[in-house]
Amino acid sequence: MLHRGTNSARVGTLNRALVLDVVRRHGPVSRSGVAAATGLTAQTVSNIATRLLREGLLREGQRHDGSVDAPPGGVAPADAPPGDAPPGDQGRLLRIAADARSAVGLHLDPAHLVAVLVDLAGTVLATEHRDTDPLHGPAEVLDAMAAMTARLTRERPGAGALAGIGLAAPGPLDPARAALADPVQLPGWAGLPVADELRRRTGVPVVLEKDGVAAGIGEAWTTTNATGLVTVTLGHGISATVVAGGEVVRGATGNAGEFGGMPVRAHGRWTAVWEACQPLQQVERAIAAGTLPADTPTALPGDVRSAYEALCAAPDGRGLVTAGGAALGEALAHVVELLDVTEVVLGGSAAIAGGPVFLQAVRAGLVERLPGAPRVTVEPTAHGEAAVARGAACAVLATALDSTPVTPLPARSAVGRGPRARSIAHPW
């Protein structure tokens, strides 16, 4: 749950968002279950539910066993008869109307574009992928994004009213201009007002999010974790996002999550975690060790992606993949201790390429660093390489419904506030 509710008429929008949030995460659920989870009175919940049903954002169905809902996360008394439910609540369950709204999410990765169409429940209805290496400059990439958006919406006409487009990109962002500030991994994009450019091409409102933050928003959209989690996105770069109480911690300028400078012991020396596990550095180590051919191309982002996937698939590459995962686990130990979270979700193209070997190494590195700590689960995202794009779409849906975790970015520049321009040796 995001917050406890209040019955004050002045915060009706918050209460409406709370009801939607509970039903989306925990539905089907009765009105009494919603009231118990939010702290709202049964009458307030009933009034809000009636309006949401009228607006088409919720649907109501019958349950046939006459049972009484437990509050989400709670336990109903074993001997509670059906008559204990509030009047009018017996046998009726609320569920989100998944087809009431939809949004397109786009993930701009240095090597790859991912586009998804997502419904109000957070379900990915359609996906499209495209490599960026054949495209020349931001204009062609933006044209490709617009074309992908048109195809997704044209092919699923019954997906629900389109609320907008969410665009996730590497940081730092300049929120005052809805632009990329100076992304190390995207030369030529600095200062480009990407949201306006994409809106001009599509005629659809655009929400810009940092890629790691978008991944966190996607996990927050449907998680039932009430104790907090951390999402880690390892692609061509690395970032982490905190989800606390169902809300994403986005920072003062939406650029939260840069923990790549965390010191770790890896590859026989002390280094930063980004240098220990990012694909380009791992590929260069593999070439030096003879695990990959000396003529392996690394000039373009797509080259690096392909080479890293080859490294992860090679039996001789297991040691490097394990070392990178262990380094990430060591860095995460500091985050876990600082925030006292119970769950870590891994995503991003490089984490996916590393597969079970990388995942187990992250777990082992975390346990080695925190041997006596309470158990922290480390699991891959359930949404694969679509996770960031899905999160960008969820950011749009949240904005359209006034159902935060997403809040408006402060109108101030992120230039100088983003990650330090470390030498991460990207040749592109």
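Above this text you will find the structure in question.
Residues numbered from 1 in each chain as written. Predicted model: local features only at pLDDT ≥ 70, side-chain atom pairs only at ≥ 80, totals over all residues. Heavy atoms only, no water.

Chemist: So what exactly am I meant to see when it comes to the overall build of the protein here?
Modeler: When you go through the protein residue by residue, the secondary structure sums to twelve helices and 16 strands. Of all 428 residues assigned to the protein, the portion counted as buried reaches 51%. Within the protein, counting contacts between residues at least 6 apart in sequence, those at least 24 apart form 69% of the total. Summed over its atoms, the accessible surface of the protein is roughly 17400 Å², and 53% of this surface lies on carbon and sulfur atoms. (Helix = DSSP H or I, 4+ residues; strand = E, 2+ residues; numbered from the N terminus. Buried < 20%, exposed > 50% of the residue type's maximum accessible area, 1.4 Å probe, protein only. Contact = heavy atoms within 4.5 Å. Areas by Shrake-Rupley, 256 points an atom, 1.4 Å probe, with all protein chains shown as cover.)

Chemist: Quick question: what am I supposed to make of the sheet that holds strand β11 (residues 238-244) here?
Modeler: Backbone-to-backbone hydrogen bonds pair the strands of a sheet. The strands run either parallel or antiparallel. Here five strands make up an open sheet; going across it, the order is β12-β11-β10-β15-β16 and the pairing mixed. At either margin of the open sheet sits one strand with a lone partner, and together these are β12 (247-248) and β16 (377-380). Examined bridge by bridge, strand β10 (residues 229-234) and strand β15 (residues 343-347) share five bridges and lie parallel to one another. When the sheet's bridge partners are listed, T231 is paired in β15 with V345. Those strands touched by helix α6 (residues 211-222) are β10, β11, β12 and β15, and its axis lies near 35 degrees from that of β11. (Pairing = 2+ DSSP bridges. Axes fitted to C-alpha atoms, helices over the stretch in contact; angles between N-to-C directions.)

Chemist: Sorry if this is basic, but what is going on with the sheet that holds strand β3 (residues 101-108) here?
Modeler: Ordered in space as β5-β4-β3-β6-β9, the five strands form an open sheet in which the pairing is mixed. Each edge of the open sheet is held by one strand with a lone partner, namely β5 (124-131) and β9 (206-210). Recorded for the sheet is a direction-independent mean angle of 20 degrees between the axes of neighbouring strands. Across the face of the sheet, α6 comes into contact with β3, β6 (161-169) and β9 while running at roughly 105 degrees to β9.

Chemist: How should I be thinking about the side chain of H112 in this particular structure?
Modeler: Considering the arrangement of structural elements, one finds H112 in strand β4 (residues 112-119). The class of H112 is buried, set by a relative accessible area of 7%. Of note is the side chain of H112, whose polar atom sits 3.0 Å from the side chain of H129. Excluding residues that lie within four positions of it along the chain, H112 makes contacts with H107, H129, R130, D131, T132, R305 and E385. (Polar contact = N/O pair within 3.5 Å; in protein donor to acceptor, adjacent residues only side chain to side chain.)

Chemist: For this particular structure, what's the right way to read the pairing of β15?
Modeler: Every other side chain in a regular strand lies on the same face of the sheet, so the side chains alternate between the two faces. A large share of β15 lies buried, amounting to four of its five residues. As judged from the four bridges shared by β15 and β16, these two strands associate in the parallel manner. From the neighbouring strand, E343 faces β16, where its bridge partner is T377. Once the chain exits β15 it traverses helix α11 (residues 349-369) before rejoining the sheet at β16, and the crossover so formed is right-handed. (Right-handed = clockwise from strand over helix to strand, strands pointing away.)

Chemist: Sorry if this is basic, but what is going on with unusual backbone geometry here?
Modeler: In this structure, the amide linkage connecting G27 to the following residue, P28, adopts the cis form with an omega of 0 degrees. The topology assignment puts P28 in the loop between α1 (12-26) and α2 (31-38). The step from G171 to P172 runs through a cis peptide bond, and the omega angle for that step is 0 degrees. Along the polypeptide, P172 turns up in the loop between β6 and β7 (173-174). Of note in this structure, A178 is not a glycine but carries a positive phi near 50 degrees. Mapped onto the fold, A178 is located in the loop between β7 and β8 (179-180). Classification of A178 by relative accessible area gives partly exposed; the value is 23%. One non-glycine residue, H267, adopts positive backbone phi at about 55 degrees.

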